[in-house]
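Notes for the structure review
Here is what each chain is made of, one letter per residue.
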Amino acid sequence: MPLRTRRSLIDLDDLAIEELDEIFSRTAAFEERRPEPRLAHTACVNIFFEPSTRTFTSFNLAQLRLGADVVNLTPTDMSYLTKGESIEDTVLTLSAMGVAVLVVRHPVEHYPEQLAKHFDGHVVNAGDGAHAHPTQGLLDLYTLLQDFGSLHGRCIAIVGDVLHSRVAHSVMAGLRRLESDVVLVGPNGFVPSEYATGGVRVERELDAVLPEVDAVMLLRIQRERLTTMPIAQDDYVARYRLDARRLSLLKSDALVLHPGPYNRGVELDDSVFRFPGWRYRQQVLHGVSVRMAVLDLLVNGT
Ligand code: ASP
């Protein structure tokens, strides 16, 4: 699809390889020099139906740095919920006001996609249930590319609750697009065997995997989406927590990423914060510029 005809970003695997390249080169340019107000007079509305610190702030900063007009809505502001208006009609009203961009987070999978069908502008999915979180996936890929140059043939482990993680689903799609090998590591209840397909392996024991990988992406257990824990927390910690002993099994130049928020003592312990390959700060930093690049591409095209 030609870049200028893309209206919305719902998932990372919607993006053609040239679009990924374009987003990453704009990200790099924006990090080098703060751009002109490329979204001046562009109205962006951020609608977050789930709490968010990182993603919400990051989108806000991205919009402000591009000079956009920004309005933030949370469910308590959504008068249609109590006045009987459907979300579709609310979205039509926003279009009529000249709103150009809707950034949407919602607990229901595919909700942003539904909105995009009714909205005469650009929708960016900021996380929908366990389905997708494309801008987090993009910033993770960008962070890996900063160190590795190319992801072709690199082996990346994603560890933990893959099943309920929209981040994992988006980043897996992106890693495969960039020709990395992916190893998913976790117990069956978090990493179903069916996830193993071309280029994606499933492993149950973290210790065996660590020496061979170039990067480890840790995940939080998504308790808000679990009815029961498929593994006792003590067992999870014993088998999967990244700690000093497990860090010593990694290659010396391996990277460790986490989308945040991280739970100290569960998927990692404090020794990870002293590991030279820990890239959490870089992920957060690149998040703002990646989101600037996405917004700029959607609104201004090539
Ligand atoms: N912040 C990410 C998300 O919204 C990851 C997480 O919550 O664990 O999905």
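For the structure itself, consult the block above.
The sections below set out a description of the structure shown in this document. Everything numeric here is computed off the predicted structure, so don't read it as measured data. (Residues numbered from 1 in each chain as written. Predicted model: local features only at pLDDT ≥ 70, side-chain atom pairs only at ≥ 80, totals over all residues. Heavy atoms only, no water.)

**Let's talk about the overall build of the chain**
In terms of regular secondary structure, the chain is built from eleven helices and nine strands. A compact globule built from 302 residues would reach a C-alpha radius of gyration of about 19 Å, and the chain, at 19 Å, matches this within 12%. Along the three orthogonal principal directions, the C-alpha set of the chain runs to about 55 × 45 × 35 Å. Counting only residues that meet the buried cut, the chain has 57% of its 302 residues in that class. For the chain, contacts bridging at least 24 residues in sequence account for 71% of all contacts bridging at least 6. Summed over its atoms, the accessible surface of the chain is roughly 12800 Å², and 51% of this surface lies on carbon and sulfur atoms. Here the chain holds 31 positive side-chain charges and 40 negative ones, and the gap between their average locations is 4 Å. (Helix = DSSP H or I, 4+ residues; strand = E, 2+ residues; numbered from the N terminus. Rg over C-alpha atoms; globule rule 2.2 N^0.38 Å. Buried < 20%, exposed > 50% of the residue type's maximum accessible area, 1.4 Å probe, protein only. Contact = heavy atoms within 4.5 Å. Areas by Shrake-Rupley, 256 points an atom, 1.4 Å probe, with all protein chains shown as cover. Lys, Arg positive; Asp, Glu negative; His and termini not counted. Charge placed at Lys NZ, Arg CZ, Asp CG, Glu CD.)

**Quick word on the site of the ligand**
The environment of the ligand is made up of Arg105, His133, Arg166, Val167, Arg220, Gln222, Gly260 and Pro261. One of the side-chain nitrogen or oxygen atoms of Arg105 is found 3.0 Å away from an oxygen atom of the ligand. The side chain of Arg166 places a nitrogen or oxygen atom 2.8 Å from an oxygen atom of the ligand. In isolation the ligand exposes 270 Å². Once the protein is present, 93% of that is buried. When its residues are assigned to classes, the shell around the ligand shows two nonpolar, three polar and three charged. (Near = heavy atom within 4 Å. Polar contact = N/O pair within 3.5 Å; in protein donor to acceptor, adjacent residues only side chain to side chain. Nonpolar A, V, L, I, M, F, W, Y, C, P; charged D, E, K, R; others polar.)

**What to know about the environment of Gly277**
Turning to its location among the elements, Gly277 is positioned in the loop between strand E9 (255-257) and helix H11 (280-300). Through-space distance from the C-alpha of Gly277 to that of Ser252 is 8.3 Å; in sequence the pair is 25 residues apart. Discounting chain neighbours no more than four positions away, the residues touching Gly277 are Ala254, Leu255 and Val256.

**Concerning the side chain of Arg279**
One can find Arg279 in the loop between E9 and H11. Residue Arg279 is classed as buried on the basis of its relative accessible area, which comes to 13%. Sequence-distant contacts of Arg279, defined by excluding residues within four places in its chain, comprise Thr143, Asp147, Leu255, Val256 and Leu257.

**Focus on the pattern of salt bridges**
Throughout the structure, instances matching the rule amount to 14 salt bridges. Between Glu22 and Arg26 there is a salt bridge whose closest N-O contact spans 2.8 Å. Residue Glu22 and its partner Arg26 are located together in helix H1 (residues 17-32), separated by four residues, close to a single helical turn. Residue Glu22 is classed as partly exposed on the basis of its relative accessible area of 23%. (Salt bridge = Lys/Arg side-chain N within 4 Å of Asp/Glu carboxyl O.)

**Digging into unusual backbone geometry**
The omega torsion of the bond from Gly260 to Pro261 falls at -5°, within 30 degrees of zero and hence cis. Inspection of the secondary structure assignment puts Pro261 in the loop between E9 and H11. Even without being a glycine, His41 presents a positive backbone phi close to 65°. Checked against the element boundaries, His41 lands in the loop between H1 and strand E1 (43-48). A relative accessible area of 74% means that His41 is categorised as exposed. Although it is not a glycine, His110 adopts a positive phi angle of roughly 75°. Within the element layout of this structure, His110 appears in the loop between strand E3 (99-106) and helix H5 (111-118). Accessibility expressed as a relative area gives 33% for His110, which makes it partly exposed.

**Description of the sheet that holds strand E4 (residues 122-128)**
Across the sheet, which stays open at both edges, the four strands sit in the order E2-E1-E3-E4 with parallel pairing between neighbours. Edge positions in the sheet fall to strand E2 (69-73) and E4, since each has one partner strand and no second. Pairwise comparison of adjacent strand axes, ignoring direction, gives a mean angle of 15° for this sheet. Strand direction decides the pairing type here: E1 and E3, joined by six bridges, are parallel. Within the sheet, the bridge partner assigned to Ile47 lies in E3 and is Val104. Docked against the sheet, H5 engages E3 and E4, running at close to 165° with respect to E4. (Pairing = 2+ DSSP bridges. Axes fitted to C-alpha atoms, helices over the stretch in contact; angles between N-to-C directions.)

**So, the packing of aromatic side chains**
Using the criterion set out here, one finds ten aromatic pairs in the structure. Taken together, a centroid distance of 5.1 Å and an interplanar angle of 75° make the contact between Tyr262 and Tyr280 edge-to-face. Linking Tyr262 in the loop between E9 and H11 with Tyr280 in helix H11, this pair joins segments that are 18 residues apart in sequence. For the ring pair Phe273 and Trp278, a centre distance of 5.5 Å and an interplane angle of 55° mean the geometry is tilted. Through a chain of ring-to-ring contacts, the aromatic side chains of Tyr262, Phe273, Trp278 and Tyr280 assemble into a single cluster. Here Arg154 stacks its cationic end above the ring of Phe148, 4.1 Å away from the centre of that ring. For Arg291, the ring lying beneath its charged end belongs to Phe59, and the centroid distance is 4.9 Å. (Phe/Tyr/Trp six-rings, centres within 6.5 Å; stacked < 30°, edge-to-face > 60°. Lys NZ or Arg CZ within 6 Å of the ring centre and 35° of its normal.)

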